[in-house]
Amino acid sequence: MAEIIKAWDMVAEAKKSIENLSAEQVEAERQAGSAVIVDIRDHRELYLKGKIPGAVLAPRGMLEFWVDPAAEYHREVFSPDRRYIIYCAGGGRSALAAKTMKDMGYPDIAHLERGFDGWEAADLRSEDNK
């Protein structure tokens, strides 16, 4: 019988090969406009908690198909020559998603270490988004 690999072990392994950013670092890049910020949470999470201003929604279940230029579902916002910062709620799914994008040929990938929860805890929302 094959050994079952634990999801959080996969997350820890993914974090070793991607750039892990703090909420403050993500906010600095957002303010500078130097990266496309991608929210991979599902619509319910977005509806309940909001999002980082300017973030592009790309639900985790469709991400690989949206970033693949040869896929029928490809979205023009995704191009390997741009910088991307991925986030989810707590940082697990985004680490896996960032690693996947890197494996697919997107070299300039990072993720928000503590996810939207960490960004919210850092209280970085602008006055018009509070």
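Reading guide: rules and limits
- Residues numbered from 1 in each chain as written.
- Predicted model: local features only at pLDDT ≥ 70, side-chain atom pairs only at ≥ 80, totals over all residues.
- Heavy atoms only, no water.
- Buried < 20%, exposed > 50% of the residue type's maximum accessible area, 1.4 Å probe, protein only.
- Helix = DSSP H or I, 4+ residues; strand = E, 2+ residues; numbered from the N terminus.
- Pairing = 2+ DSSP bridges.
- Contact = heavy atoms within 4.5 Å.
- Axes fitted to C-alpha atoms, helices over the stretch in contact; angles between N-to-C directions.
- Salt bridge = Lys/Arg side-chain N within 4 Å of Asp/Glu carboxyl O.
- Right-handed = clockwise from strand over helix to strand, strands pointing away.

Enquirer: Any chance you could explain the pairing of strand 4 (residues 84-87) here in plain terms?
Expert: Looking along a regular strand, one sees side chains alternate from face to face of the sheet. Here strand 4 shows no split at all, with Tyr 84 and Ile 86 on one side and Ile 85 and Tyr 87 on the other all buried. One ladder, built from 4 bridges, connects strand 2 (residues 36-39) with strand 4; its direction is parallel. Paired with Val 36 across the two strands is Tyr 84, which belongs to strand 4. Taken together, the 3 bridges between strand 4 and strand 5 (residues 109-112) define a ladder with parallel strand orientation. Following the sheet pairing, Ile 85 is matched in strand 5 by Ala 110.

Enquirer: Could you clarify how one ought to interpret the environment of Thr 100 in this entry?
Expert: Within the element layout of this structure, Thr 100 appears in helix 5 (residues 92-103). Remark: the alpha-carbon pair of Thr 100 and Glu 64, spanning 36 residues in sequence, is separated by 7.7 Å. Dropping the residues within four chain positions of it, Thr 100 is found in contact with Arg 60 and Glu 64.

Enquirer: Sorry if this is basic, but what is going on with the sheet that holds strand 3 (residues 56-57) here?
Expert: By way of backbone hydrogen bonds, the strands of a sheet pair with one another, either parallel or antiparallel. Pairing within the open sheet is parallel, and its 5 strands lie in the order 1-5-4-2-3. Unpaired on one side and paired on the other, strand 1 (19-21) and strand 3 mark the two borders of the sheet. Here helix 5 sits on the sheet and contacts strand 4 and strand 5; the angle it forms with strand 5, its principal contact strand, is near 175 degrees.

Enquirer: Can you walk me through the pattern of salt bridges in this structure?
Expert: Note that side chains of opposite charge can pair when their charged atoms are close. Per the stated rule, a full pass over the model turns up 13 salt bridges. Note that Asp 42 is salt-bridged to Arg 44, the shortest N-O span being 2.7 Å. You can call Asp 42 partly exposed: its relative accessible area is 26%. Note on Arg 44: relative accessible area 62%, which makes it exposed. Through salt bridges with shared partners, a single network forms among Glu 19, Glu 29, Arg 83 and Asp 108.

Enquirer: Would you take a moment to explain the pairing of strand 5 for this structure?
Expert: Burial along strand 5 is two-sided: Ile 109 and His 111 facing one way and Ala 110 and Leu 112 facing the other are all buried. With 3 bridges connecting them, strand 1 and strand 5 associate as parallel partners. Each residue of the ladder has a partner; that of Asn 20, found in strand 5, is His 111. Crossover connection from strand 4 via helix 5 to parallel strand 5: handedness right-handed.

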